[in-house]
Structure formats: structure tokens, C-alpha cells
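So you can see what is in the structure, the chains are spelled out below.
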Amino acid sequence: MKRRLLVVISSSAFTLLTLSGGLAYAHHSVAAMYIYGKSVRIEGTLKEFIWRNPHSFMKVEAPDDKGEKQIWIIEGAAPQQLTDAGLTATTLRPGDQVVVTGRPGRIAEDHKLLLLTIERPSDGFKWQGPNAPQ
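Residues numbered from 1 in each chain as written. Predicted model: local features only at pLDDT ≥ 70, side-chain atom pairs only at ≥ 80, totals over all residues. Heavy atoms only, no water.

Inspection of the secondary structure assignment puts D96 in the loop between helix 3 (79-84) and strand 4 (97-104). A distance of 2.9 Å separates a polar atom in the side chain of D96 from the backbone nitrogen of R93. Here the side chain of D96 touches R120 through a polar contact of 3.1 Å, side chain to side chain. If we skip the residues at most four places from it in the chain, D96 touches G44, T45, L46, T91 and R120. (Helix = DSSP H or I, 4+ residues; strand = E, 2+ residues; numbered from the N terminus. Polar contact = N/O pair within 3.5 Å; in protein donor to acceptor, adjacent residues only side chain to side chain. Contact = heavy atoms within 4.5 Å.)

With that out of the way, let us pick up the confidence of the model for the chain. Within the chain, residue pLDDT values average 83, and 77% of them lie at 70 or more. Confidence drops under a pLDDT of 50 for residues 5-26, and excluding neighbours within four residues, the segment shows zero contacts in the predicted structure. (pLDDT = per-residue confidence, 0-100.)

Take the packing of aromatic side chains next. Scanning the entire structure with this criterion turns up one aromatic pair. Taking the centre distance of 5.5 Å and the plane angle of 90 degrees together, the rings of F49 and W51 count as edge-to-face. Overall, the relative accessible area of 16% leaves F49 in the buried class. On the accessibility criterion, W51 (28% relative accessible area) is partly exposed. (Phe/Tyr/Trp six-rings, centres within 6.5 Å; stacked < 30°, edge-to-face > 60°. Buried < 20%, exposed > 50% of the residue type's maximum accessible area, 1.4 Å probe, protein only.)

Right under this line is the structure:
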């Protein structure tokens, strides 16, 4: 009986450690994904605003440095952090013309940015994240 209990406890502990390690691994380091000390500015059309945890995302159609239209993936903070900084799920809508500044992804062909600022020139809306350069 004691041996069976030990086996159950050991396998449960192993399962817990395996699952928790996988979750920790799933969350990426921002510094590993994006280039700090550099920023990219794009102007284009907001295609989608994905408001979810652990990070919000935007898809923006804008030209790359060669002038070719691309879908850029803009990674933002968690919804609560964005809300605390004044950006809500309804602030921006698909079709909005936006200007985004962000840290570029380490793989240029992926067209990814870490959100620093976003503007909507049509009505003067401007948002600056807490990590944006002053």
C-alpha cells in the first residue's frame, strides 16, 4: 500500500513539474524576440485587433522598406496593461488608418513589431506605451 501511494505521488509530482515547465517555456522573452535600441515606423490600415491574454496583437497592412505591402504583426501588452495605459478593445477598429512605431522583430521577414506608439491621424488619437522612448 505504501509503495502504491509513493508511485501515485511520484507520478503526480512528475506530471505537475512537466506541465509547469511547459507553461514557463511557452512565454517568450521580449528581448529575445525584438531588437531593443531600434524602432520602426509604419503607416497602414488596421486589419484586425486581437484583444486577448497574455498579449494583444494587431495586424496592420503597410509597406515594408522596399515599398511592398505586408501584413505586420504588432504585439502589445496584456489587455489590462493596455487598458491601464488608456487603450481599450474599442479604441481602434479594422479599417482605421494608423501610424505604428515599434521595436522590430529579430527576423525581418516576419514583419513583427513590439508596440511602442500608435496614432490615428484622422481624429488626432495618439497612444504611447509605457516603454516608448520619451
